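# Breakdown of the fold
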Amino acid sequence: MNMVTTGLHIAARGAGQSVRGAGEVLRDVSLDLMPGQLTAVAGSSGAGKTILLETLAGLRVPSNGEVLHNGIRPARSGPGFGYVPQDDIIHRELPLRRTLVYSAGLRMPPGTAAEKIDTVVAEVLDTLGLSHRLGTPVGALSGGERKRASIAVELLTRPGVLFLDEPTSGLDPATGAELMRTLQKLASQGTTVVFTTHTPADLAYCDQAVFLSSSGSPAFVGPPENLCPAFGVATVEEVYGAVAAGSSATPLPPVTATAHASAAASQVQPAAPGAASQWLLLTRRATEILLNNRLSVAVLVGSPMMIVAMFALLFRADAFDPASPDPSSSAMILFWIAFGTFFFGLTYGLLQICTELSVLRRERLAGLRIGPYVASKLTVLLPVLAAADALLLAVLRALDRLPAADAATYISLFATAVLASAAALALGLLASATVSEPGQATLLLPMLCFPQVLFSGAFVPVPRMAWGGQALSWAMTNRWAFEALGSGAGLEGLWRSGNSPLGPPLLASYGDSFVHSAARGWLILGGFTLILLAATWVVLVRKTRGASSRSAD
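A short tour of the structure in this document, coming up. (Residues numbered from 1 in each chain as written. Predicted model: local features only at pLDDT ≥ 70, side-chain atom pairs only at ≥ 80, totals over all residues. Heavy atoms only, no water.)

### With respect to helix α11 (residues 357-365)
The element α11 is largely enclosed, with a buried count of 8 among its 9 residues. Restricting attention to buried positions, one finds in α11 the residues Leu357, Ser358, Val359, Leu360, Arg362, Glu363, Arg364 and Leu365. (Buried < 20%, exposed > 50% of the residue type's maximum accessible area, 1.4 Å probe, protein only. Helix = DSSP H or I, 4+ residues; strand = E, 2+ residues; numbered from the N terminus.)

Shown next, in the form of structure tokens:
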């Protein structure tokens, strides 16, 4: 099936680029990339190839000169261009077709019929030779197929220009050659295709080569077959050495200052779906990803079971018996319930964002809003956490590790547990947004857990802490969950009326920790949740605007 597109004319006129901390990395770049043309940007490491690609795409505003798409300055976001970074921009858990359907839902105009989306997905898969893999999970595709799958995502909106950052990196020669033939095919159908490369063999497939010197200025622009003669060498590999040694190519022909303009210059960018539509689609996708990840399902189901088993082994029954209560055990049971709900929420959220940052960054360029994205995480995970909390409380009551009480008491305990899990989930999402890879998130787990244990007020009551500890305890969500659980379970009355001699001393040491109503703790936990989610939003907005190497927004 032929997907003919109207390519764009990309014109750079004296473009330069400066990067904070590195100074001027591109100098006086003037070149033309024509519709239907396949252009390679080559050069040694550090020459500025990726920065030039981002500048040509409009992701970076030139520090000097200008870049024009069909005679106008390019938009910095929206579906008007395709950009494939080095990292995969697709989720690996879903079948290929489902991945593309969700991507199309985020990129295509609101109200696009499902039949239309299915048709476009089928056309793209056919164009890239992936029709036979539509039911295969992306993670099971080969490296070359995954790269083509990332390109497929970009072709869903028929972009006039496609930018790729080192698409053949990490591929074997045969797979790399197959991918280059795919890019040739796209260019022949009218798309302007630009890519960076470290592989000399890639240049043979191109219509134009741009070779950058170490200073970031073009050492050569022209047909690849003229590259070696321009430097008086026999191979492309020798060109790298000649440029590094400061050799100059035959003088480049001057580029005219008149930028090409056409009717395609004013093509209207389709509007991205609204916030509610994005939230609904992202929620469906996140649910499907979760259910398709066996390890995640095992953790979701196994964690509550493990915690319940440890509770049953650690504490004896009847700790809340009004006739002979065990104050120390009852306090510890409630603390570990609070910590268990915290641990559930933190671990569920900790790997949610850092594992898909490359996907998020690219979808952000295509119009994705951060608010619906964060809300979808909460929507998917909070019901799972609520079910885990309900299971924990039900099993502990059945094992007589919690008091025999009326429904109102257990509604209070459940509300506290869910709010504690929500606050911990928000903390996990914030931590996940802050780091750049799963390994860093894993290292954060003990750092986030230990303070919640030490400064919750369970082992050392808050009134007995040093002033610094008391101040720090205010920032611990586990403190407020522990106190709200204690209030909901009636520890104050249980210890005061029981026969245990340990009750009055414990009451004195805990001060007014359990005097306030559980609703006080709910308000604080709810406030923490909102603050942490807002902080997650701020971090992701900044990270998806600035961490992708763009200069400003």
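### Notes on the pattern of salt bridges
In total, this model carries 19 salt bridges according to the counting rule given. A salt bridge links Glu483 to Arg520; its shortest N-O distance comes to 3.8 Å. Note that Glu483 is positioned in helix α16 (residues 477-489) and Arg520 in helix α19 (residues 518-546), a separation of 37 residues in sequence. Its relative accessible area of 6% is what places Glu483 among the buried residues. The network of salt bridges with common partners includes Asp88, Arg92 and Arg146. (Salt bridge = Lys/Arg side-chain N within 4 Å of Asp/Glu carboxyl O.)

### Description of the packing of helix α8 (residues 275-292) against helix α9 (residues 294-314)
Remark: α8 packs on α9, axes separated minimally by 5 Å, with the N-to-C direction vectors making an angle of 85°. Here α9 runs roughly perpendicular to α8, going by the angle between their axes. Facing α8, whose interface residues are Leu290, Leu291 and Asn292, α9 presents Arg294, Ser296, Val297 and Leu300. Its residues assigned to classes, the contact of α8 with α9 shows 4 nonpolar, 2 polar and 1 charged. (Axes fitted to C-alpha atoms, helices over the stretch in contact; angles between N-to-C directions. Parallel < 35°, antiparallel > 145°, perpendicular 65-115°, else oblique. Contact = heavy atoms within 4.5 Å. Nonpolar A, V, L, I, M, F, W, Y, C, P; charged D, E, K, R; others polar.)

### Quick look at the sheet that holds strand β4 (residues 64-69)
Pairing within the open sheet is antiparallel, and its 3 strands lie in the order β2-β1-β4. Since the sheet does not close on itself, it has two edges, and those belong to β2 (23-33) and β4, each with one partner. Each neighbouring strand pair of the sheet contributes to a mean axis angle of 25°, computed without reference to strand direction. Sheet topology places strand β1 (residues 10-19) next to β4; 5 bridges connect them, and they run antiparallel. Note that in β4 the partner of Ile10 across the bridge is His69. Set on the sheet, helix α1 (residues 49-57) makes contact with β1, β2 and β4; between it and β2 the angle comes to about 55°. (Pairing = 2+ DSSP bridges.)

### What about the packing of aromatic side chains?
Scanning the entire structure with this criterion turns up 16 aromatic pairs. A ring pair is formed by Trp495 and Phe514, whose centres lie 5.9 Å apart and whose planes are at 85°; its orientation type is edge-to-face. Placement of Trp495 in helix α17 (residues 491-497) and of Phe514 in the loop between α18 (503-510) and α19 is noted, with a sequence separation of 19 residues between them. Of the two residues examined, Trp495 and Phe514, each falls in the buried class. Clustering of aromatic rings is evident, with ring pairs tying together Phe335, Trp336, Phe339, Phe342, Phe343, Phe459, Phe482, Trp495, Tyr510 and Phe514. Over the ring of Trp474 we find Arg479, and its NZ or CZ is 5.1 Å from the ring centre. (Phe/Tyr/Trp six-rings, centres within 6.5 Å; stacked < 30°, edge-to-face > 60°. Lys NZ or Arg CZ within 6 Å of the ring centre and 35° of its normal.)

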